[in-house]
Amino acid sequence: MGLDINRVRNDFPILNQVVHKKPLAYFDNAATTQKPLKVIEIMDRIYMETNSNIHRGVHYLSDLTTTQFEEARKTVRKFINARYDHEIIFTSGTTAGINQVAFCFGEKYVKPGDEIIISEIEHHSNIVPWQMLCERKDAKLCVIPINDLGELVLDEYERLFSSRTRIVAVTHVANSIGTINPVKEMITTAHRYGVPVLVDGAQAVQHTGVDVRDLDADFYVFSGHKMYGPTGIGVLYGKEEILDELPPWQTGGEMVDQVSFEKTTFNKLPFKFEAGTPNYIGGIGLAAAAEYLEETGLDNIKAYEKDLLEYGSKKLSEIEGLHLFGEAGNKISIFSFILDNIHPYDAGMIIDKYGIAVRTGNHCAQPFMERFGIRGTVRASLVFYNTREEIDRLCEAVEKVNQMFN
Ligand code: PLP
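What you see is a predicted model, and the numbers here were worked out from it, not measured in a lab.

Overview of unusual backbone geometry
Item 1. The linkage connecting Leu269 with the following residue, Pro270, adopts the cis geometry, with an omega of 0°.
Item 2. Among the secondary structure elements, Pro270 is positioned in the loop between strand 12 (264–266) and helix 10 (280–296).
Item 3. Even without being glycine, Asp216 reaches a positive phi, approximately 65°.
Item 4. Mapped onto the secondary structure, Asp216 falls in the loop between helix 8 (212–215) and strand 9 (219–223).
Item 5. Classification of Asp216 as partly exposed rests on a relative accessible area of 32%.
Item 6. The phi angle at Glu254 is positive, at roughly 70°, despite the residue not being glycine.

Describing the domain arrangement of the protein chain
Item 1. Considered domain by domain, the protein chain is made up of domain 1 (5–31 + 297–405) and domain 2 (40–294).
Item 2. Placing the centre of domain 1 and that of domain 2 at their C-alpha centroids yields a distance of 28 Å.
Item 3. Contacts between domain 1 and domain 2 engage 35 residues on the former and 33 residues on the latter.
Item 4. At the boundary of domain 1 with domain 2, total buried surface from both sides reaches about 2800 Å², with 57% on carbon and sulfur atoms.
Item 5. Put simply, Asp148 and Arg371 hold a salt bridge, and the shortest N to O gap is 2.8 Å.
Item 6. At the level of elements, helix 1 (5–11), helix 11 (298–317), strand 14 (334–339) and helix 13 (366–371) are the ones that each hand at least two residues to the side of domain 1 that touches domain 2.
Item 7. Its residues placed into classes, the side of domain 1 that touches domain 2 shows 19 nonpolar, 8 polar and 8 charged.

Considering the state of the cysteines
Item 1. This structure, assessed with the given rule, holds 0 disulfides.
Item 2. Unpaired in this structure, Cys364 has its nearest cysteine sulfur neighbour in Cys134, at a distance of 20 Å.
Item 3. Residue class for Cys364 comes out partly exposed when judged on its relative accessible area of 34%.

Side note on the site of the ligand
Item 1. Taken together, 13 residues are adjacent to the ligand, and Thr95, Asp200, Gln203, Ser223 and Lys226 come closest.
Item 2. Within the side chain of Ser223, a nitrogen or oxygen atom sits 2.7 Å from an oxygen atom of the ligand.
Item 3. Residues belonging to the shell around the ligand are distributed by class as follows: 2 nonpolar, 9 polar and 2 charged.

Things to note about the nonpolar core
Looking at soluble globular proteins, one finds that nonpolar side chains tend to be buried together.
Item 1. Ranked by internal contacts, the top residues of the largest apolar core, which has 105 residues, are Ile80, Val168, Tyr220, Met227, Ile351, Phe384 and Leu394.
Item 2. Among the elements that line this core, the one with the most residues is helix 10, at 10 residues.
Item 3. Discounting chain neighbours no more than four positions away, the residues touching Ile80 are Ile88, Val210, Asp211, Val212, Phe222 and Tyr237.
Item 4. Residues Ile98, Leu133, Ile167 and Leu236 belong to the second largest nonpolar core, which totals 25 residues.

Overview of the sheet that holds strand 9
Item 1. What the 7 strands build is an open sheet, ordered 4-10-9-8-7-5-6; its pairing is mixed. If you trace the sheet from one side to the other, it starts and ends with strand 4 (88–91) and strand 6 (140–144), each paired once. For this sheet the average axis-to-axis angle between neighbouring strands, irrespective of direction, equals 20°.
Item 2. Pairing geometry for strand 4 and strand 10 (residues 234–238), over 4 bridges, is antiparallel. Each residue of the ladder has a partner; that of Ile88, found in strand 10, is Tyr237.
Item 3. Contacting strand 4, strand 7 (165–171), strand 8 (197–200), strand 9 and strand 10, helix 4 (residues 94–109) crosses the sheet at an angle of about 155° to strand 9.

Quick word on the pattern of salt bridges
Item 1. This model, assessed by the stated rule, comprises 26 salt bridges.
Item 2. Between Asp85 and Lys74 there is a salt bridge, with the nearest N and O atoms lying 2.9 Å from each other. Note that Asp85 is positioned in the loop between helix 3 (60–80) and strand 4 and Lys74 in helix 3, a separation of 11 residues in sequence.
Item 3. Residue classification places Lys74 among the partly exposed residues on the basis of a relative accessible area of 31%.
Item 4. Each member of the salt-bridge network shares a partner with another, and the members are Asp28, Arg359 and Arg379.

Observations concerning the packing of aromatic side chains
Item 1. This structure, assessed with the given rule, holds 16 aromatic pairs.
Item 2. Taken together, a centroid distance of 5.0 Å and an interplanar angle of 35° make the contact between Phe69 and Phe90 tilted. Of this pair, Phe69 sits in helix 3 while Phe90 sits in strand 4; the two residues are 21 residues apart in sequence, bridging distant segments of the chain.
Item 3. By relative accessible area, Phe69 is classed as buried at 0%.
Item 4. For Arg371, the ring lying beneath its charged end belongs to Phe372, and the centroid distance is 4.7 Å.

Scoring rules and cut-offs
- Residues numbered from 1 in each chain as written.
- Predicted model: local features only at pLDDT ≥ 70, side-chain atom pairs only at ≥ 80, totals over all residues.
- Heavy atoms only, no water.
- Helix = DSSP H or I, 4+ residues; strand = E, 2+ residues; numbered from the N terminus.
- Buried < 20%, exposed > 50% of the residue type's maximum accessible area, 1.4 Å probe, protein only.
- Domains from an automatic or database assignment.
- Contact = heavy atoms within 4.5 Å.
- Buried area = accessible area lost by both parts, 1.4 Å probe.
- Salt bridge = Lys/Arg side-chain N within 4 Å of Asp/Glu carboxyl O.
- Nonpolar A, V, L, I, M, F, W, Y, C, P; charged D, E, K, R; others polar.
- Disulfide = S-S within 2.5 Å.
- Near = heavy atom within 4 Å.
- Polar contact = N/O pair within 3.5 Å; in protein donor to acceptor, adjacent residues only side chain to side chain.
- Core = buried A, V, L, I, M, F, W, Y, C linked by side-chain atoms within 4.5 Å.
- Pairing = 2+ DSSP bridges.
- Axes fitted to C-alpha atoms, helices over the stretch in contact; angles between N-to-C directions.
- Phe/Tyr/Trp six-rings, centres within 6.5 Å; stacked < 30°, edge-to-face > 60°.
- Lys NZ or Arg CZ within 6 Å of the ring centre and 35° of its normal.

Below, the structure is given as structure tokens:
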């Protein structure tokens with residue numbers, strides 16, 4: 001059937017505007033994606049017509065909103081092919097999900113001298129929570145190196161396992177350069193050593209889709225705002241048998257069963273991990289985004305984005321003085337580059353004057369930057385509402401930057 005780009009662009013009202021007297025070309029999608037009308041409208045409608053706090057309400061509106069929120073959980077469950085609805089924990093985002101696992105899993109299973117495996121290509125969100133856990137528990141962080149193409153070195157990965165390895169935390173897709181990691185294979189390896197795996201899916205669900213049962217992931221986390229949903233909402237998926245054994249993270253209302261001053265017992269999954277009023281409107285918005293992705297078709301999205309990746313890689317690599325980072329055989333449509341003698345920040349500021357939104361800096365991946373001996377890059381991250389024409393405009397803007405500085 002293919003992707004109807006005109007229809008898609010009409011679904012995202014924000015794209016149809018002028019910035020610095022030029023049509024907006026939005027290439028900052030790895031930071032956050034824009035929202036389709038389907039998401040905006042459902043959230044608007046709740047605020048205008050049906051809003052009410054959920055669970056335990058006996059009145060009409062509370063009942064209605066509770067049903068919508070629990071339906072949203074089902075939609076997310078289907079979207080990632082989890083086994084049970086209660087394996088879907090709503091969080092405030094990827095960062096919160098990782099911190100939650102680092103805390104709950106760490107409290108229960110990590111002891112002095114134990115080891116945790118992460119990689120050199122992680123977002124800070126999938127480094128710092130593990131580092132803090134290691135400090136608290138006197139454990140050790142072990143790091144999978146990457147090669148010059150920005151791919152994980154899997155032989156080295158396998159060598160990192162020992163009898164002290166407690167968990168592996170790895171990103172599905174790298175936000176800095178777009179590498180798609182072979183997480184299924186990595187999970188199989190970890191399970192051979194009896195080690196569970198957390199996958200950071202913040203940059204994956206919206207590009208590759210995910211089937212957590214096919215991957216056999218123990219934990220999988222992602223954010224609503226990077227998959228065309230609202231901000232302030234995300235998902236922590238965990239296998240039932242693992243979640244059941246973990247202690248709660250935040251405590252308070254909703255997550256309890258019985259409370260007395262002597263003792264508190266906890267609610268069942270998923271509520272044990274959703275203390276306080278959840279972001280229920282965000283959850284409903286996130287589910288609408290998942291539906292939107294399914295209606296558009298992940299296969300259509302993948303094919304369209306692959307074309308953008310091939311077209312952009314070729315065009316950008318023809319520009320003199322431009323160096324692309326991350327040329328993994330399997331990657332999403334992210335172009336991370338530097339220009340000879342030009343600071344990425346200066347380049348980004350000038351590119352912006354042409355109506356093109358790119359991100360500059362270390363992209364919350366300082367260890368990655370260190371590996372390549374750079375301070376940062378210009379990053380253009382494209383999705384299925386971008387076009388070849390916008391890539392042409394980016395190339396023209398980069399040429400202008402080159403002319404100005406050289
Ligand atoms: N992990 C990856 C791979 C990311 O790209 C990001 C955000 O850029 C995060 C984690 C953190 O996501 P959030 O800020 O939505 O919690």
